[in-house]
Amino acid sequence: MRKKTFQENSQDSMYLQYCKVCQAYKAPRSHHCRKCNRCVMKMDHHCPWINNCCGYQNHASFTLFLLLAPLGCIHAAFIFVMTMYTQLYNRLSFGWNTVKIDMSAARRDPLPIIPFGLAAFAATLFALGLALGTTIAVGMLFFIQMKIILRNKTSIESWIEEKAKDRIQYYQLDEVFVFPYDMGSRWKNFKQVFTWSGVPEGDGLAWPVRKDCHPYSLTIEQLKQKADKRVRSVRYRVIEDYSGACCPLNKGIKTFFTSPCTEEPRIRLQKGEFILATRGLRYWLYGDKILDDASVEGVSRIRGWFPRNCVEKCPCDAETDQAPEGEKKNR
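If you're wondering where the values come from, they're calculated on a predicted model, not measured in any experiment.

### Notes on the packing of aromatic side chains
- On inspection of all chains with the given rule, the structure shows eleven aromatic pairs.
- With a centroid separation of 5.7 Å and an interplanar angle of 15°, the aromatic rings of W187 and F190 are classed as stacked. Taken together, the residues span about one helical turn, with W187 and F190 both in helix 5 (residues 186-191) at a distance of three residues.
- Geometrically, the ring pair formed by F190 and F194 is stacked, given 4.7 Å between the ring centres and 20° between the ring planes.
- By relative accessible area, F190 is classed as partly exposed at 24%.
- By the ring-pair criterion, three or more aromatic residues cluster together here, those being W187, F190 and F194.
- Over the ring of Y170 we find R232, and its NZ or CZ is 3.7 Å from the ring centre.
- Between R235 and the ring centre of F274, over which it is positioned, the NZ or CZ distance is 4.5 Å.

Below, the structure is given as C-alpha coordinates:
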(Lines give C-alpha, C1' and ligand atoms only; values in the text may rest on other atoms or scores of the structure.)
Protein backbone atom coordinates (compact mmCIF):
# COMPACT_ATOMS: atom_id res chain seq x y z
CA MET A 1 0.00 0.00 0.00
CA ARG A 2 2.07 2.87 -1.25
CA LYS A 3 1.85 6.36 0.08
CA LYS A 4 0.49 9.05 -2.22
CA THR A 5 1.72 12.60 -2.07
CA PHE A 6 -1.01 14.96 -0.92
CA GLN A 7 -1.14 18.19 -2.86
CA GLU A 8 -0.11 21.01 -0.57
CA ASN A 9 -1.99 24.30 -0.51
CA SER A 10 -2.70 27.12 1.89
CA GLN A 11 -5.08 24.97 3.97
CA ASP A 12 -2.54 22.20 4.60
CA SER A 13 -0.57 24.05 7.25
CA MET A 14 -3.80 25.18 8.95
CA TYR A 15 -5.88 22.00 9.04
CA LEU A 16 -3.62 19.01 8.31
CA GLN A 17 -1.03 17.23 10.38
CA TYR A 18 2.59 17.19 9.29
CA CYS A 19 4.54 13.92 9.36
CA LYS A 20 8.13 14.58 10.38
CA VAL A 21 9.27 11.14 9.23
CA CYS A 22 7.77 11.30 5.72
CA GLN A 23 8.41 15.06 5.47
CA ALA A 24 4.92 15.77 4.11
CA TYR A 25 1.40 16.64 5.17
CA LYS A 26 -0.90 13.74 5.98
CA ALA A 27 -4.01 13.38 3.86
CA PRO A 28 -7.30 13.24 5.79
CA ARG A 29 -7.78 9.87 7.51
CA SER A 30 -4.09 8.98 6.96
CA HIS A 31 -1.74 7.94 9.73
CA HIS A 32 1.92 7.04 10.02
CA CYS A 33 2.75 3.39 10.72
CA ARG A 34 5.91 2.80 12.74
CA LYS A 35 6.15 -0.80 11.51
CA CYS A 36 5.91 0.04 7.79
CA ASN A 37 7.72 3.38 8.28
CA ARG A 38 5.32 5.27 6.02
CA CYS A 39 1.97 7.05 6.04
CA VAL A 40 -0.99 4.85 5.10
CA MET A 41 -4.22 6.17 3.59
CA LYS A 42 -7.29 5.53 5.76
CA MET A 43 -5.23 3.41 8.12
CA ASP A 44 -7.17 1.00 10.33
CA HIS A 45 -4.33 -0.88 12.03
CA HIS A 46 -1.11 -2.78 11.37
CA CYS A 47 -1.78 -6.51 11.23
CA PRO A 48 1.20 -8.71 12.17
CA TRP A 49 -0.47 -11.80 10.64
CA ILE A 50 -0.39 -10.37 7.11
CA ASN A 51 2.72 -8.26 7.82
CA ASN A 52 1.03 -5.20 6.35
CA CYS A 53 -1.27 -2.36 7.23
CA CYS A 54 -5.02 -2.55 6.78
CA GLY A 55 -6.12 0.62 5.06
CA TYR A 56 -7.75 2.20 2.05
CA GLN A 57 -6.64 -0.26 -0.62
CA ASN A 58 -7.04 -3.56 1.23
CA HIS A 59 -9.71 -2.92 3.87
CA ALA A 60 -12.30 -4.94 1.95
CA SER A 61 -9.87 -7.80 1.26
CA PHE A 62 -8.86 -7.94 4.92
CA THR A 63 -12.50 -8.04 6.04
CA LEU A 64 -13.25 -10.87 3.59
CA PHE A 65 -10.25 -12.72 5.01
CA LEU A 66 -11.78 -12.37 8.49
CA LEU A 67 -15.00 -13.88 7.11
CA LEU A 68 -13.50 -16.75 5.11
CA ALA A 69 -11.03 -17.86 7.79
CA PRO A 70 -13.77 -18.81 10.31
CA LEU A 71 -15.80 -20.48 7.56
CA GLY A 72 -12.79 -22.60 6.63
CA CYS A 73 -12.23 -23.48 10.28
CA ILE A 74 -15.89 -24.47 10.66
CA HIS A 75 -15.52 -26.75 7.65
CA ALA A 76 -12.36 -28.28 9.13
CA ALA A 77 -14.05 -28.73 12.52
CA PHE A 78 -16.94 -30.58 10.85
CA ILE A 79 -14.46 -32.94 9.14
CA PHE A 80 -12.64 -33.57 12.44
CA VAL A 81 -15.89 -34.30 14.28
CA MET A 82 -17.12 -36.70 11.61
CA THR A 83 -13.71 -38.41 11.50
CA MET A 84 -13.73 -38.99 15.25
CA TYR A 85 -17.35 -40.16 15.15
CA THR A 86 -16.83 -42.72 12.38
CA GLN A 87 -13.59 -44.02 13.87
CA LEU A 88 -14.86 -44.27 17.45
CA TYR A 89 -18.34 -45.58 16.70
CA ASN A 90 -17.27 -49.26 16.62
CA ARG A 91 -14.66 -48.83 19.35
CA LEU A 92 -17.04 -47.69 22.07
CA SER A 93 -18.48 -50.22 24.48
CA PHE A 94 -21.05 -49.18 27.04
CA GLY A 95 -21.42 -50.97 30.35
CA TRP A 96 -23.30 -50.37 33.53
CA ASN A 97 -22.20 -46.79 34.46
CA THR A 98 -19.01 -47.21 32.35
CA VAL A 99 -17.82 -46.30 28.87
CA LYS A 100 -14.75 -47.99 27.40
CA ILE A 101 -12.81 -47.08 24.26
CA ASP A 102 -10.76 -49.75 22.50
CA MET A 103 -8.05 -47.97 20.48
CA SER A 104 -6.17 -51.16 19.54
CA ALA A 105 -8.19 -52.11 16.46
CA ALA A 106 -11.58 -51.44 14.96
CA ARG A 107 -14.09 -54.25 15.22
CA ARG A 108 -15.30 -53.90 11.69
CA ASP A 109 -14.54 -55.11 8.21
CA PRO A 110 -12.86 -53.80 6.14
CA LEU A 111 -10.16 -52.07 8.17
CA PRO A 112 -9.65 -48.33 7.61
CA ILE A 113 -7.07 -47.30 5.02
CA ILE A 114 -5.41 -44.94 7.53
CA PRO A 115 -4.99 -46.46 11.01
CA PHE A 116 -6.66 -44.37 13.71
CA GLY A 117 -4.66 -44.97 16.83
CA LEU A 118 -4.16 -43.05 20.02
CA ALA A 119 -1.73 -40.55 18.41
CA ALA A 120 -4.15 -39.82 15.57
CA PHE A 121 -6.97 -39.35 18.06
CA ALA A 122 -4.93 -36.87 20.12
CA ALA A 123 -3.85 -34.93 16.99
CA THR A 124 -7.43 -34.77 15.71
CA LEU A 125 -8.70 -33.56 19.06
CA PHE A 126 -5.97 -30.89 19.20
CA ALA A 127 -6.75 -29.72 15.63
CA LEU A 128 -10.44 -29.54 16.51
CA GLY A 129 -9.64 -27.25 19.44
CA LEU A 130 -7.53 -25.00 17.22
CA ALA A 131 -10.28 -24.80 14.61
CA LEU A 132 -12.93 -23.88 17.16
CA GLY A 133 -10.65 -21.35 18.88
CA THR A 134 -9.76 -19.69 15.58
CA THR A 135 -13.42 -19.55 14.60
CA ILE A 136 -14.34 -17.71 17.79
CA ALA A 137 -11.36 -15.33 17.82
CA VAL A 138 -11.34 -14.36 14.14
CA GLY A 139 -15.14 -14.29 14.08
CA MET A 140 -15.13 -11.66 16.81
CA LEU A 141 -12.63 -9.58 14.79
CA PHE A 142 -14.92 -9.83 11.77
CA PHE A 143 -17.86 -8.61 13.86
CA ILE A 144 -15.81 -5.64 15.11
CA GLN A 145 -14.67 -4.75 11.59
CA MET A 146 -18.19 -4.89 10.18
CA LYS A 147 -19.46 -2.75 13.04
CA ILE A 148 -17.05 0.09 12.24
CA ILE A 149 -17.41 -0.33 8.46
CA LEU A 150 -21.18 0.18 8.70
CA ARG A 151 -20.37 3.48 10.42
CA ASN A 152 -17.69 4.32 7.82
CA LYS A 153 -14.98 4.44 10.48
CA THR A 154 -11.67 2.79 11.16
CA SER A 155 -10.34 1.48 14.46
CA ILE A 156 -8.14 4.56 14.83
CA GLU A 157 -11.01 6.92 14.04
CA SER A 158 -13.20 5.21 16.64
CA TRP A 159 -10.47 5.86 19.19
CA ILE A 160 -10.20 9.51 18.06
CA GLU A 161 -13.96 9.93 18.51
CA GLU A 162 -13.77 8.51 22.03
CA LYS A 163 -10.94 10.89 22.90
CA ALA A 164 -12.94 13.79 21.47
CA LYS A 165 -15.80 13.02 23.84
CA ASP A 166 -13.35 12.74 26.73
CA ARG A 167 -11.74 16.08 25.85
CA ILE A 168 -15.11 17.84 25.70
CA GLN A 169 -16.17 16.29 28.99
CA TYR A 170 -12.83 17.04 30.66
CA TYR A 171 -13.01 20.78 29.96
CA GLN A 172 -16.84 20.95 30.05
CA LEU A 173 -16.96 22.52 26.62
CA ASP A 174 -20.20 23.54 24.95
CA GLU A 175 -19.55 21.65 21.72
CA VAL A 176 -20.42 18.33 20.13
CA PHE A 177 -18.09 16.33 17.89
CA VAL A 178 -19.87 14.80 14.90
CA PHE A 179 -17.98 12.19 12.91
CA PRO A 180 -17.84 13.74 9.41
CA TYR A 181 -17.57 10.61 7.24
CA ASP A 182 -20.74 8.81 8.37
CA MET A 183 -23.08 9.05 5.38
CA GLY A 184 -26.13 8.44 7.58
CA SER A 185 -26.96 5.12 5.87
CA ARG A 186 -25.38 1.75 6.59
CA TRP A 187 -25.69 0.78 2.93
CA LYS A 188 -23.89 3.93 1.78
CA ASN A 189 -21.18 3.36 4.37
CA PHE A 190 -20.89 -0.27 3.25
CA LYS A 191 -20.36 0.79 -0.38
CA GLN A 192 -17.49 3.06 0.67
CA VAL A 193 -15.45 -0.10 1.34
CA PHE A 194 -17.00 -2.92 -0.69
CA THR A 195 -17.51 -2.59 -4.45
CA TRP A 196 -18.27 -5.13 -7.20
CA SER A 197 -15.00 -4.30 -8.96
CA GLY A 198 -12.95 -4.77 -5.80
CA VAL A 199 -11.49 -1.27 -6.18
CA PRO A 200 -12.51 1.04 -3.32
CA GLU A 201 -14.27 4.29 -4.11
CA GLY A 202 -12.32 7.53 -4.37
CA ASP A 203 -8.59 8.11 -4.47
CA GLY A 204 -7.85 7.79 -0.75
CA LEU A 205 -7.13 11.52 -0.42
CA ALA A 206 -10.49 13.30 -0.63
CA TRP A 207 -13.56 11.89 1.12
CA PRO A 208 -17.27 12.77 1.03
CA VAL A 209 -18.46 14.30 4.31
CA ARG A 210 -21.78 15.07 5.93
CA LYS A 211 -23.50 18.28 4.89
CA ASP A 212 -23.23 19.81 8.35
CA CYS A 213 -19.50 19.04 8.77
CA HIS A 214 -16.30 20.77 7.73
CA PRO A 215 -14.15 18.82 5.22
CA TYR A 216 -11.34 18.81 7.78
CA SER A 217 -13.42 18.17 10.92
CA LEU A 218 -11.49 15.04 11.87
CA THR A 219 -8.03 16.51 11.33
CA ILE A 220 -9.03 19.65 13.25
CA GLU A 221 -10.09 17.46 16.16
CA GLN A 222 -6.78 15.57 15.98
CA LEU A 223 -4.86 18.86 16.19
CA LYS A 224 -6.94 19.86 19.23
CA GLN A 225 -6.20 16.54 20.90
CA LYS A 226 -2.47 16.89 20.26
CA ALA A 227 -2.48 20.38 21.72
CA ASP A 228 -4.46 19.10 24.71
CA LYS A 229 -1.99 16.24 25.15
CA ARG A 230 0.89 18.71 25.34
CA VAL A 231 -0.96 20.72 27.99
CA ARG A 232 -1.84 17.68 30.09
CA SER A 233 1.55 15.96 29.77
CA VAL A 234 3.71 15.63 32.88
CA ARG A 235 7.49 15.89 33.08
CA TYR A 236 9.33 13.06 34.86
CA ARG A 237 12.96 12.51 35.80
CA VAL A 238 14.52 9.05 35.57
CA ILE A 239 15.78 7.81 38.94
CA GLU A 240 16.49 4.19 37.99
CA ASP A 241 17.89 2.58 34.85
CA TYR A 242 15.57 0.50 32.67
CA SER A 243 16.79 -1.86 29.95
CA GLY A 244 13.66 -1.65 27.81
CA ALA A 245 12.57 -5.23 28.51
CA CYS A 246 8.96 -6.10 27.81
CA CYS A 247 8.36 -7.75 31.19
CA PRO A 248 11.15 -6.72 33.58
CA LEU A 249 11.60 -9.05 36.52
CA ASN A 250 13.71 -6.60 38.56
CA LYS A 251 11.02 -3.88 38.69
CA GLY A 252 8.55 -5.69 40.90
CA ILE A 253 6.11 -8.52 40.50
CA LYS A 254 3.16 -6.18 39.83
CA THR A 255 5.08 -4.37 37.10
CA PHE A 256 5.97 -7.71 35.54
CA PHE A 257 2.39 -9.03 35.39
CA THR A 258 0.78 -5.71 34.33
CA SER A 259 2.98 -5.08 31.29
CA PRO A 260 0.89 -3.33 28.57
CA CYS A 261 -0.49 -5.79 26.00
CA THR A 262 0.35 -3.68 22.96
CA GLU A 263 2.76 -3.55 20.04
CA GLU A 264 3.96 -0.12 21.15
CA PRO A 265 7.66 -0.20 22.04
CA ARG A 266 9.40 0.09 25.39
CA ILE A 267 12.14 2.67 25.70
CA ARG A 268 15.48 2.31 27.41
CA LEU A 269 16.03 4.72 30.32
CA GLN A 270 19.16 5.98 32.00
CA LYS A 271 19.32 7.74 35.33
CA GLY A 272 19.15 11.52 34.97
CA GLU A 273 17.14 11.61 31.72
CA PHE A 274 13.80 13.41 31.42
CA ILE A 275 10.53 12.01 30.06
CA LEU A 276 7.35 13.81 29.03
CA ALA A 277 4.55 11.37 29.93
CA THR A 278 1.28 11.69 28.04
CA ARG A 279 -0.70 8.71 29.34
CA GLY A 280 -0.25 5.76 31.63
CA LEU A 281 -1.50 2.81 33.61
CA ARG A 282 -1.17 2.03 37.28
CA TYR A 283 2.36 0.65 37.03
CA TRP A 284 3.40 1.87 33.56
CA LEU A 285 3.71 5.22 31.78
CA TYR A 286 3.89 6.18 28.12
CA GLY A 287 5.76 9.23 26.91
CA ASP A 288 8.47 10.90 24.87
CA LYS A 289 12.08 11.10 25.91
CA ILE A 290 13.29 14.70 26.01
CA LEU A 291 16.32 14.74 23.72
CA ASP A 292 19.11 17.24 23.32
CA ASP A 293 19.76 18.45 19.80
CA ALA A 294 23.14 16.76 19.70
CA SER A 295 22.36 13.69 21.82
CA VAL A 296 20.86 11.40 19.19
CA GLU A 297 21.72 12.25 15.62
CA GLY A 298 19.06 11.54 13.01
CA VAL A 299 16.35 10.64 15.56
CA SER A 300 13.43 13.06 15.89
CA ARG A 301 11.70 11.41 18.85
CA ILE A 302 11.93 8.37 21.12
CA ARG A 303 8.67 7.32 22.74
CA GLY A 304 7.25 4.23 24.37
CA TRP A 305 6.28 2.53 27.62
CA PHE A 306 8.39 2.41 30.78
CA PRO A 307 7.81 1.34 34.43
CA ARG A 308 6.35 4.01 36.67
CA ASN A 309 8.70 3.15 39.56
CA CYS A 310 11.74 4.11 37.44
CA VAL A 311 10.80 7.81 37.36
CA GLU A 312 9.69 10.55 39.68
CA LYS A 313 7.62 13.62 38.92
CA CYS A 314 9.54 16.85 38.57
CA PRO A 315 8.73 19.37 41.35
CA CYS A 316 7.53 22.03 38.92
CA ASP A 317 4.98 19.63 37.36
CA ALA A 318 3.98 18.18 40.71
CA GLU A 319 2.67 21.58 41.79
CA THR A 320 0.75 22.38 38.61
CA ASP A 321 -0.51 18.87 37.87
CA GLN A 322 -3.50 19.22 40.21
CA ALA A 323 -4.85 22.34 38.51
CA PRO A 324 -6.64 20.68 35.59
CA GLU A 325 -8.20 18.05 37.86
CA GLY A 326 -10.56 20.63 39.30
CA GLU A 327 -11.93 21.29 35.84
CA LYS A 328 -12.68 17.67 35.16
CA LYS A 329 -16.34 16.77 35.19
CA ASN A 330 -17.44 14.17 37.69
CA ARG A 331 -18.38 10.92 35.98
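### A look at the nonpolar core
- Core analysis: the largest hydrophobic core is formed by 15 residues, its most contacted members being Y236, Y242, L269, I275, F306 and V311.
- Elements with a minimum of two residues in this core: strand 9 (234-238), strand 10 (274-280), strand 11 (284-289) and strand 12 (303-307).
- If sequence neighbours within four positions are ignored, V311 has contacts with Y236, R237, V238, I239, L269, L285 and F306.
- Counting residues in hydrophobic clusters, the runner-up holds twelve residues, among them I160, A164, F179 and Y181.

### Quick word on the side chain of K251
- As for its placement among the helices and strands, K251 is situated in the loop between strand 9 and helix 7 (253-257).
- Once residues lying within four places of it in the same chain are set aside, the contact partners of K251 are E240, D241, Y242, P307, N309 and C310.

### Some details on the pattern of salt bridges
- The full count for this structure, using the stated rule, is eleven salt bridges.
- As a salt-bridge pair, K153 and E161 come within 2.3 Å of each other at their nearest N and O atoms. No difference in accessibility class separates K153 from E161, as the two residues are buried.
- Between D166 and R232 there is a salt bridge; the shortest N-O distance is 4.0 Å. Of the two residues, D166 is situated in helix 4 (residues 155-171) and R232 in helix 6 (residues 217-232); the sequence distance between them amounts to 66 residues.
- The exposure class assigned to R232 is partly exposed, which follows from its relative accessible area of 29%.
- Sharing partners across several salt bridges, the network here consists of D166, D228 and R232.

### As for the state of the cysteines
- Across all of its chains, the model carries zero disulfides by this definition.
- Free cysteine C261: the closest other cysteine sulfur is in C247, separated by 8.1 Å.
- For C261, a relative accessible area of 85% gives the class exposed.

### A look at a positive patch on the surface
- On the surface, K20, K163, K226, K229 and R230 cluster together into a positively charged patch.
- The residue K229 is located in helix 6 in this model.

### Side note on the environment of L128
- Position of L128 among the secondary structure elements: in helix 3 (residues 118-149).
- Judged by its relative accessible area of 14%, L128 falls in the buried class.
- The spacing of L128 and F80 is 48 residues in sequence and 6.1 Å in space, taken between C-alpha atoms.
- Those residues within four positions of L128 in sequence are excluded, and the remaining contacts are A77, F80, V81 and M84.

Conventions and cut-offs
- Residues numbered from 1 in each chain as written.
- Predicted model: local features only at pLDDT ≥ 70, side-chain atom pairs only at ≥ 80, totals over all residues.
- Heavy atoms only, no water.
- Phe/Tyr/Trp six-rings, centres within 6.5 Å; stacked < 30°, edge-to-face > 60°.
- Helix = DSSP H or I, 4+ residues; strand = E, 2+ residues; numbered from the N terminus.
- Buried < 20%, exposed > 50% of the residue type's maximum accessible area, 1.4 Å probe, protein only.
- Lys NZ or Arg CZ within 6 Å of the ring centre and 35° of its normal.
- Core = buried A, V, L, I, M, F, W, Y, C linked by side-chain atoms within 4.5 Å.
- Contact = heavy atoms within 4.5 Å.
- Salt bridge = Lys/Arg side-chain N within 4 Å of Asp/Glu carboxyl O.
- Disulfide = S-S within 2.5 Å.
- Patch = residues over 30% accessible without salt bridge, like charges linked within 9 Å, V, L, I, M, F, W, Y side chains within 5 Å.
- Areas by Shrake-Rupley, 256 points an atom, 1.4 Å probe, with all protein chains shown as cover.
- Lys, Arg positive; Asp, Glu negative; His and termini not counted.
- Charge placed at Lys NZ, Arg CZ, Asp CG, Glu CD.

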